[in-house]
Amino acid sequence: MTAIPHTPTSPSLTTSSSPTTAVGAGSSHLSAEVSIVSTVSMAGAHLRLAGEATVRDNFDVLMKHVYLIGIGGSGMSGLARMLKSRGAIVSGSDNAPGEATDALIAEKIAITFDQSKAWLPDACDLVVASAAVRADHPQMLEAQQRSVPTMLYAEALGKCMQGRTSICIAGTHGKSTTTAMTGCALTDAGLDPTVIVGATSPQLVKGTLHEGSEHSVGFRLGNAKIPAGTHAGDAGLLVAEACEYNRSFHNYRPTIGYIGSIEADHLDCYGTLEAVIESFHEFGKLLPDASAGGKLLIAHDGAHRREVTRGLNCEVHTIGFSPEADYVVHFDPATRAVALSHGRETIARWTNLIPGSHMAFNACAALVLATFAGADPLIAAKSLAHFRGVDRRMQLLGEKKVGAGLVRVFDDYGHHPTEVDCTLRALRESERPEDRGGRLICVFQPHQHSRTRHLLEDFANSFGHADIVLVPHIYFVRDSQEEKQKVTAGDLVDRLREKGVRAMHLYPFEAIVDHLQHTARAGDVVVAMGAGPVWQVAKGYLDA
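To start, this report covers the structure provided alongside it. What you see is a predicted model; the values in this text were computed from it and never measured.

Each value, and the rule that gives it
Residues numbered from 1 in each chain as written. Predicted model: local features only at pLDDT ≥ 70, side-chain atom pairs only at ≥ 80, totals over all residues. Heavy atoms only, no water. Helix = DSSP H or I, 4+ residues; strand = E, 2+ residues; numbered from the N terminus. Buried < 20%, exposed > 50% of the residue type's maximum accessible area, 1.4 Å probe, protein only. Contact = heavy atoms within 4.5 Å. Areas by Shrake-Rupley, 256 points an atom, 1.4 Å probe, with all protein chains shown as cover. Polar contact = N/O pair within 3.5 Å; in protein donor to acceptor, adjacent residues only side chain to side chain. Pairing = 2+ DSSP bridges. Axes fitted to C-alpha atoms, helices over the stretch in contact; angles between N-to-C directions. Core = buried A, V, L, I, M, F, W, Y, C linked by side-chain atoms within 4.5 Å. Salt bridge = Lys/Arg side-chain N within 4 Å of Asp/Glu carboxyl O. Phe/Tyr/Trp six-rings, centres within 6.5 Å; stacked < 30°, edge-to-face > 60°. 1 Å grid on protein atoms, 1.4 Å probe; cavity = no way out; pocket = protein on both sides within 12 Å on 5 of 7 lines; lining within 4 Å. Points joined across faces, edges and corners; volume = space filled by probe spheres on them. Nonpolar A, V, L, I, M, F, W, Y, C, P; charged D, E, K, R; others polar.

Re the overall build of the protein
Move 1: Counting its regular elements, the protein contains 17 helices and 23 strands.
Move 2: By residue count, 57% of the 544 residues in the protein fall in the buried class.
Move 3: Across the protein, the fraction of contacts at a sequence separation of at least 24, relative to all contacts at a separation of at least 6, is 68%.
Move 4: Of the roughly 21700 Å² of accessible surface on the protein, a fraction of 50% belongs to carbon and sulfur atoms.

Set out below in structure tokens:
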């Protein structure tokens, strides 16, 4: 393996054991190897988890009838299974059937698909609504009429953290991937965690060192007690993605917290970056005192750590590429070689299957979190070396034959300027379409008019690694009709052209597929990007 570049002040990275080769991630040029350098005892790794304290689980849903509105969502479907495992009689509704609802029905959870009527089952003790459900939803109004208690998803998930050792993963970017990585590492280390992610992965249930489940899932049900590791017998692990939108993560009860980045986002509810930072500070205050096992891992750079950690009583550890961080990330983009060091000792090195420095950062954070929870760092690192990613995160959907060559087609969830830049940079570095006479073509669907308006200039500067950008209409969600009138996709295209980017506003999706059919050439890389249904363009192009 090529040595990982490091500054003279960085710890020396020396390899002492042979690598292990992993199965490819759907592409013949992808491989993984892990080399364990040492069994460094991570500072403060011995902690008193929630299970060692007297924790009364007062969220008693045994034999209670719980109805979930929006039950087919990634988080909600996981919550449904979690509540069922606690003895609740679960049912719910969604606006349309899908794979998630089909799976729940197969598990004997009753679901209806007509949400237009003010109806709830006769037996109903609690209603839980997804974040997308408005207060004037007919079924929410029926709950109010009948005086049935209601909760939002985040409130119910926070209640489920009572009596568990919870790891809450927050930050503007990378939450889903880091949550899935942490869950897989803990699973492979034998700690049997419950994991709930806002995305899906075929490796989540069994871990990365075993054959994946038949379908991609966003939930894994684990043990009520930690069965192995340095904290065996403590309250079971619950690993959860912690979203800051509407301050929903303030409902959670973490034992271990992680903040990977903080940037201006969700300004429709926060208004200013300062308010976002303060919200993350409030999240940090939810962690127990250090004496009770509270730990926060926070990015050394890019997370406003001084403001966030001021006055916190939990242990605070930093992670970053800077040699000044407590845990230092090393990454070679040419080989995807990753290493994590602590002090002047190296914990492990491995090779990521997924390209990008941001993915190396996510993996190293997952390794630290897993070790905080009692996992063997050697096994956790091996697990991360085999991690193939979550769906819609730089996901290779397939290849399309064009002329004498191929067009490689990716799908990505990125919808913030930083995410766009990181993904395009990683694809440029890993795919190198220019080496085979190709181009990097990005089909970007902006998500929310308010986000597009607030971050318009940042978006205009985030597509420098793309050769061509195609922009459909902005995905309209949550915003008011008044907000919708303030910005258009054409405004973004105009800004991109001013920056020298070849950009075009095209709609509907069928027109973009047709355009790709006539203009994409052998060697090109096409990525559909956005939090809305823009993946349909990528799939449509492959099927055309």
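With respect to the side chain of Arg392
Move 1: Tracing the backbone through its elements, the reader meets Arg392 in the loop between α10 (377-385) and β18 (395-402).
Move 2: A polar side-chain atom of Arg392 sits 2.8 Å from a polar atom in the side chain of Asp411.
Move 3: At 2.7 Å, the side chain of Arg392 and the backbone oxygen of Gly530 are in polar contact.

Focus: the sheet that holds strand β5 (residues 110-112)
Move 1: In space, the five strands of this open sheet follow the order β5-β4-β3-β6-β7, with parallel pairing throughout. Each edge of the open sheet carries a strand with a single partner, namely β5 and β7 (150-152). Going across the sheet, the axis of each strand differs from the next one's by a mean of 20°, ignoring polarity.
Move 2: Where strand β4 (residues 89-93) lies against β5, three bridges are found, and the strand directions are parallel. Each bridged residue has a counterpart across the sheet, and for Gly92 the counterpart in β5 is Ile111.
Move 3: The strands that helix α1 (residues 74-85) touches are β3 (65-69), β4 and β6 (126-129); relative to β3, the one it contacts most, it runs at about 175°.

Some remarks on the pairing of strand β15 (residues 327-332)
Move 1: Counting buried residues in β15 gives six out of six residues, a clear majority hidden from the surface.
Move 2: Examined bridge by bridge, strand β14 (residues 315-320) and β15 share two bridges and lie parallel to one another. Paired with Ile319 across the two strands is Tyr327, which belongs to β15.
Move 3: Hairpin remark: β15 followed by strand β16 (residues 337-342), antiparallel, with four residues in the connecting loop; positive phi at Arg336, about 65°.

Quick word on the environment of Leu492
Move 1: For Leu492, the location among the structural elements is in helix α15 (residues 489-498).
Move 2: Along the chain, Leu492 and Ala503 lie 11 residues apart, while their C-alpha atoms are 9.0 Å from each other.
Move 3: Not counting residues up to four positions away in its chain, the partners in contact with Leu492 are Phe444, Pro446, Leu456, Phe459, Ala460 and Val471.

Some details on the nonpolar core
Side chains that are nonpolar tend, in soluble globular proteins, to be buried together.
Move 1: In this structure, Leu68, Leu83, Ile259, Ile319 and Trp350 are the most contacted members of the largest nonpolar core, which totals 126 residues.
Move 2: Counting 19 residues, the second largest nonpolar core, distinct from the first, contains Ile441, Val443, Ile512 and Val526.

Some remarks on the pattern of salt bridges
Move 1: Under the defined criterion, the tally for this structure stands at 23 salt bridges.
Move 2: When the shortest N-O distance is used, the salt bridge between Arg428 and Glu434 registers 2.9 Å.
Move 3: Residue classification places Arg428 among the buried residues on the basis of a relative accessible area of 16%.
Move 4: On the basis of relative accessibility, which here comes to 36%, the residue Glu434 falls in the partly exposed class.
Move 5: Across the salt bridge formed by Asp435 and Arg432, the nearest N and O atoms sit 2.7 Å from each other.
Move 6: According to the relative accessible area criterion, Asp435 is exposed, its value standing at 54%.
Move 7: By relative accessible area, which is 39% here, Arg432 ends up partly exposed.

Some words on the packing of aromatic side chains
Move 1: Inspection of the entire model under this criterion finds seven aromatic pairs.
Move 2: For the pair Tyr67 and Trp119, a centre-to-centre distance of 6.2 Å together with 80° between the ring planes defines the contact as edge-to-face. With Tyr67 in strand β3 and Trp119 in the loop between β5 and β6, the pair connects residues that are 52 residues apart, well separated along the chain.
Move 3: By relative accessible area, which is 2% here, Tyr67 ends up buried.

Focus on empty space enclosed by the protein
Move 1: Taken as a whole and judged by the stated rule, the model has one cavity of 30 Å³ or more.
Move 2: Taken as a whole, the largest cavity spans an internal volume of roughly 50 Å³.
Move 3: Contributing elements (two or more residues each) for the lining of the largest cavity: α6 (267-270) and α12 (449-454).
Move 4: The biggest single contributor to the lining of the largest cavity is α12, with three residues.
Move 5: Broken down by class, the residue content of the lining of the largest cavity amounts to three nonpolar, four polar and three charged.

Topic: the pairing of strand β23 (residues 525-529)
Move 1: Burial analysis of β23 places five of its five residues in the buried class, the great majority of the element.
Move 2: Covered by surrounding structure in β23 are Val525, Val527 and Met529 together with Val526 and Ala528, the residues of both alternating faces.
Move 3: As judged from the five bridges shared by strand β20 (residues 440-444) and β23, these two strands associate in the parallel manner. Among the inter-strand pairings, Leu440 is bridged to a residue of β23, identified as Val525.

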